[in-house]
Every structure is written in C-alpha cells, then in structure tokens.
Amino acid sequence: MKVIVVKDYEQMSDKAFEIMKQVVVANPNGVLGLATGTTPIGLYKRMIEDCKQGTSYKNIKTVNLDEYKGLDVTSDQSYVYFMRDNLFNHIDIDLNNTNIENGKAENAEEECARYNALLEVLQQDIQLLGLGSNGHIAFNEPGTPFGSVTHVVDLQESTIKDNARLFNDISEVPRQAFTMGLKNIMNAKKILILASGANKAKAVYGMIHGEVTESLPASVLQLHPDCTLIIDEAAASLLK
Ligand code: GLP
C-alpha cells in the first residue's frame, strides 16, 4: 500500500483529485467506483470545478459502494441523493450511467444479485473509499468475510452513532444497508482510500501496521496490488 501523508483535508482532496483526474483522462469511457460520506466531498468539489474547465464525464460510468436499506432518491439522507447533490447534478455525466443499490428494492436478495452481476461487467478502473472509525469500508463491518460480495448488512451501533450527525435524530438512521462486499472492492484495478481527522487514526494504524484480519475490514487492502492511502496529519497521528 502506498501511503501519502498530507497536512489537512484540503491537501488530501487536492492529492486525491490528481489521481482521480489521471484515471478519468486515461479512461474517458471508464468505470469509477465512488463513495459517500464527508471524506470525498472535497474531491467531488474539485471534480465539478474541473468539469467546468473542460474535463468530460459524458461516457464515464459509475458504481457506488452502498445504500441505506429503505431509502431511495426521494429521501435526502439516501446515498443516491447524496451523489446527485454532491457530484452528478453538477457534471456532464449521464445519470443512466450511474449505479447504486436500490435501497427500496422489494426483494433484497434479487437486488444483491443484480448488483453483483453489474459489477462483473463494470470492473472499476478506480475504487474510491472512505474509512469507518471501526475500520469498515463501504458498509463492511468488522467480521465481514474477505470473500463477500454485495449483501445486506446490520449496521453496528458505532456506525449508526457516527452517521447520526447527518440525520435529524439517531432514531432515523436506518439499521440496515446494502453494500458491495470486500471481494467486489478488491476487484477494482486501482484503489484510492482517504481518511481525515483524529477519529480515524486508530483504524488507519491498524489498516497499515496491523495484521490482515476480518476484524479490521480495511486491512484487506494490504493485499491489493495498487492501493493508495491519502491521510491528513490527524489521521496519521498514531503512525511512527
Ligand atoms: C459510511 C459509509 C462509508 C464511509 C464512512 C466514513 O459508513 N458507508 O463508505 O467511508 O461512512 O464516513 P465519513 O467520510 O463521513 O467519515
């Protein structure tokens, strides 16, 4: 894993944008694996600005990591809404080329199978990731098998608490989500993982220096041949 330590969130977003832009320019028909959360917003702002300057996403396809079960675009807490609001509505991408699990699918099993089949066809040229404070990636909580594919997950209490800040009340945070599995993530040609802030420092340390273990899902990234981690000083504070 290549580790890049930068000063703060803005520098992390600058560096992430450099890497993302290289992929978009080299693969104008490529597949971007995208993520939600606070971490990638700075990167998305830079992509929007760059698109205004002429970089086109007209033929780019996207696959997103995860979605809350029970929410869809009609809810402003859904991840599909987040993606449109923070990126897709501001670039020249064709919304038909953007993919995410349908949180309101009637048959969850069929929805997971549909998404897995789609990921077989749309191998990510790059997969962007944030990091949960408990070491989760996408919504793959500690204990998720490395061989997992898209599935429905019961969210851990710590994840519900972390994400409650984005809801009016913690009781509104869905208890389940659809998520790409770790195998789907590892299938990407290139992985870019970002982490900012002191609450990520422990997970960052374990991900880099700990053993590769299902108790820390992000540790699987040590096994990926082309993975770059960009962290700010606060997230890097426990590293030697
Ligand atoms: C959620 C998402 C993850 C994300 C994580 C960290 O649990 N499912 O994909 O990486 O939150 O979020 P943030 O970037 O807001 O810290």
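To start, this report covers the structure provided alongside it. None of the values given here were measured: they were computed from a predicted structure.

Once that is clear, we can look at the site of the ligand. Contacts to the ligand come from 13 residues, most closely from Thr 38, Thr 39, Asp 66, Arg 165 and Lys 200. Contact distances for the ligand include 3.4 Å between an oxygen atom and a side-chain N or O atom of Asn 163. Residue Lys 200 places a side-chain N or O atom 2.7 Å away from an oxygen atom belonging to the ligand. Contact with the protein chains removes 94% of the 390 Å² of surface that the ligand exposes when unbound. Classifying every residue of the shell around the ligand by side-chain character gives four nonpolar, six polar and three charged.

Let us now look at helix 4 (residues 108-121). Across its 14 residues, helix 4 extends 20 Å between first and last C-alpha, which sits within 8% of the 20 Å expected from 1.5 Å per residue. At its buried positions, helix 4 is contacted by strand 3 (61-64), strand 5 (98-99), strand 7 (151-154), strand 8 (176-179) and helix 6 (182-186). Between the side-chain oxygen of the N-cap and the backbone nitrogen of Glu 109 there are 3.1 Å, and the N-cap of helix 4 in question is Asn 107.

So, on to the side chain of Ser 196. Mapped onto the secondary structure, Ser 196 falls in the loop between strand 9 (191-195) and helix 7 (201-209). Among the polar contacts made by the side chain of Ser 196, one reaches the side chain of Asp 232 at a distance of 3.0 Å. Apart from residues no more than four positions distant in its own chain, Ser 196 is found in contact with Tyr 9, Met 12, Asp 232 and Ala 235.

With that out of the way, let us pick up the nonpolar core. Of all hydrophobic cores here, the largest spans 60 residues; its most connected members are Leu 32 and Ile 137. The element contributing the most residues to this core is helix 1 (residues 9-26), with seven residues. Listed in part, the 13 residues of the second largest apolar core include Val 80, Ile 100, Val 153 and Ala 177.

Another point: the sheet that holds strand 4 (residues 66-68). Reading across from one edge, 4-8-7 is the order of the three strands in this open sheet, with antiparallel pairing throughout. The strands lining the two open edges of the sheet, one partner per strand, are strand 4 and strand 7. Adjacent strand axes in the sheet meet at a mean angle of 30 degrees when their direction is disregarded. Across four bridges, strand 7 lies against strand 8 in antiparallel orientation. In the sheet register, His 151 faces strand 8, and the bridge partner there is Thr 179.

With that settled, consider the pattern of salt bridges. In this structure the tally under the stated criterion is seven salt bridges. Here Asp 14 ties to Arg 46 by a salt bridge, and the two come within 2.6 Å at their closest N and O atoms. Residue Asp 14 is found in helix 1, and its partner Arg 46 is found in helix 2 (residues 41-52); the two are separated by 32 residues along the sequence. Residue classification places Asp 14 among the partly exposed positions, given a relative accessible area of 39%. Note that Arg 114 is salt-bridged to Glu 111, the shortest N-O span being 2.7 Å. Residue Arg 114 and its partner Glu 111 are located together in helix 4, separated by three residues, close to a single helical turn. For Glu 111, a relative accessible area of 7% puts it in the buried group. Overlapping salt bridges, with partners in common, bring together Glu 10, Asp 14 and Arg 46 in one network.

Thresholds, definitions, all that
Think of each chain on its own: its residues are numbered from 1, step by step along the sequence as written. Only residues with pLDDT of 70 or above have their local features reported here, since the model is predicted, and side-chain atom pairs are shown and tallied only from 80 upward, although totals for entire chains, interfaces and linings are computed over all residues. Processing note: side-chain calculations cover all non-hydrogen atoms of the structure and skip hydrogens and water entirely. Distances are taken per atom, and a residue is near a molecule or strand as soon as one of its heavy atoms is within 4 Å of it. Within 3.5 Å is the distance limit for a polar contact, defined as a pair of N or O atoms, with the added protein rule that one can donate a hydrogen and the other accept it, and that residues adjacent in sequence qualify only through two side-chain atoms. For accessible areas, the Shrake-Rupley method is used with a probe of radius 1.4 Å. Any residue's cover is judged against the shown protein chains and nothing else. Note on residue categories: nonpolar means Ala, Val, Leu, Ile, Met, Phe, Trp, Tyr, Cys or Pro, charged means Asp, Glu, Lys or Arg, and polar means any other residue, Gly included. Secondary structure follows DSSP: runs of H or I at least 4 residues long count as helices, runs of E at least 2 residues long count as strands, and numbering of each begins at the N terminus. Expected helix span is given by 1.5 Å per residue-to-residue step, counting one fewer step than there are residues. When checking whether two residues touch, look at their non-hydrogen atoms; a contact exists if any pair is within 4.5 Å. Take the buried Ala, Val, Leu, Ile, Met, Phe, Trp, Tyr and Cys residues and link them wherever side-chain atoms come within 4.5 Å; each set so joined is a nonpolar core. Relative accessibility decides the category of a residue: with a 1.4 Å probe and only protein chains considered, values under 20% of the type maximum give buried, values over 50% give exposed, and everything between is partly exposed. When DSSP finds at least two bridges between two strands, those strands are taken to pair. To obtain each axis, a line is fitted to C-alpha atoms, and for helices this fit is confined to the stretch in contact; angles are then taken between N-to-C directions over 0 to 180 degrees. The salt bridge criterion pairs a side-chain nitrogen of Lys or Arg with a carboxyl oxygen of Asp or Glu, the two atoms within 4 Å.

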